[in-house]
Amino acid sequence: MEISPSIISSDLLDLGSQIKECQNAGAGSFHLDIMDGHFVDNITMGPDMVSAIRKGTDLRLDGHLMIERPDKYYKSFIDAGCDVLLIHYETPIEVGNFLKKLDNENIKYGIVINPDTDIKKIYRFIPNCEIVLVMSVYPGFSGQKFIEKSLEKVRALRKYIDDNNYSTKIEIDGGINYETGKLAAEAGADILVSASYIFKNGITQSIKKLKSL
């Protein structure tokens, strides 16, 4: 099981040492929640923050673009050090055309779906995706309660990806702790994104527990 700590819940005054502790505990990547105050109500990090995180780790950085204009700002986040851009299906731009643009520029990406989005709407994008991210909370803030019906999407994706022999990884984000992570693992998730559970309950112990699932 790959664990992707979400930097949104880290202690920014101690970020460098927390990144190192996550790595030493076995984290496989880092999840960067990038919010613009428009697509979601919260505002978080920009390219400068991504660049600082990049200097602290060689692990994959997934830039979760919760912004209205990913087509306008994506290059800034790639240049800052993101390895994979996670694009919401619900973005107000024409997502299919944008993903084709990323394909043409050899930029790695994943597709993200919110809790109320029908899973079948994103099937056509899966062959070229590194990751399909199922949101198990509504995007914008950490600490929300896990939406259990999201597991149905994980199961459907697991079957669809396996039946078609795709290499796309299934990721789940929102309310992930040991109990909900266990449910997600049983449903077929490959990557668990966790924020509050990791950074508020002891980084090393929390990551090791999640990795054991």
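Residues numbered from 1 in each chain as written. Predicted model: local features only at pLDDT ≥ 70, side-chain atom pairs only at ≥ 80, totals over all residues. Heavy atoms only, no water.

*Asks:* Describe the packing of aromatic side chains, with residues and values.
*Replies:* Within the structure shown, the criterion is met by three aromatic pairs. Taking the centre distance of 4.0 Å and the plane angle of 5° together, the rings of Tyr123 and Tyr160 count as stacked. In this pair, Tyr123 is assigned in the loop between strand S5 (109-113) and strand S6 (131-135) and Tyr160 in helix H5 (residues 150-163), connecting sequence segments 37 residues apart. Overall, Tyr123 belongs to the buried group, its relative accessible area being 16%. Take Tyr160: its relative accessible area is 21%, and that puts it in the partly exposed class. With a centroid separation of 6.0 Å and an interplanar angle of 50°, the aromatic rings of Tyr160 and Tyr166 are classed as tilted. Members of the aromatic cluster, joined through ring pairs, are Tyr123, Tyr160 and Tyr166. In this structure, Lys209 is placed above the aromatic ring of Tyr178, and the distance from its NZ or CZ to the ring centre is 4.8 Å. (Phe/Tyr/Trp six-rings, centres within 6.5 Å; stacked < 30°, edge-to-face > 60°. Helix = DSSP H or I, 4+ residues; strand = E, 2+ residues; numbered from the N terminus. Buried < 20%, exposed > 50% of the residue type's maximum accessible area, 1.4 Å probe, protein only. Lys NZ or Arg CZ within 6 Å of the ring centre and 35° of its normal.)

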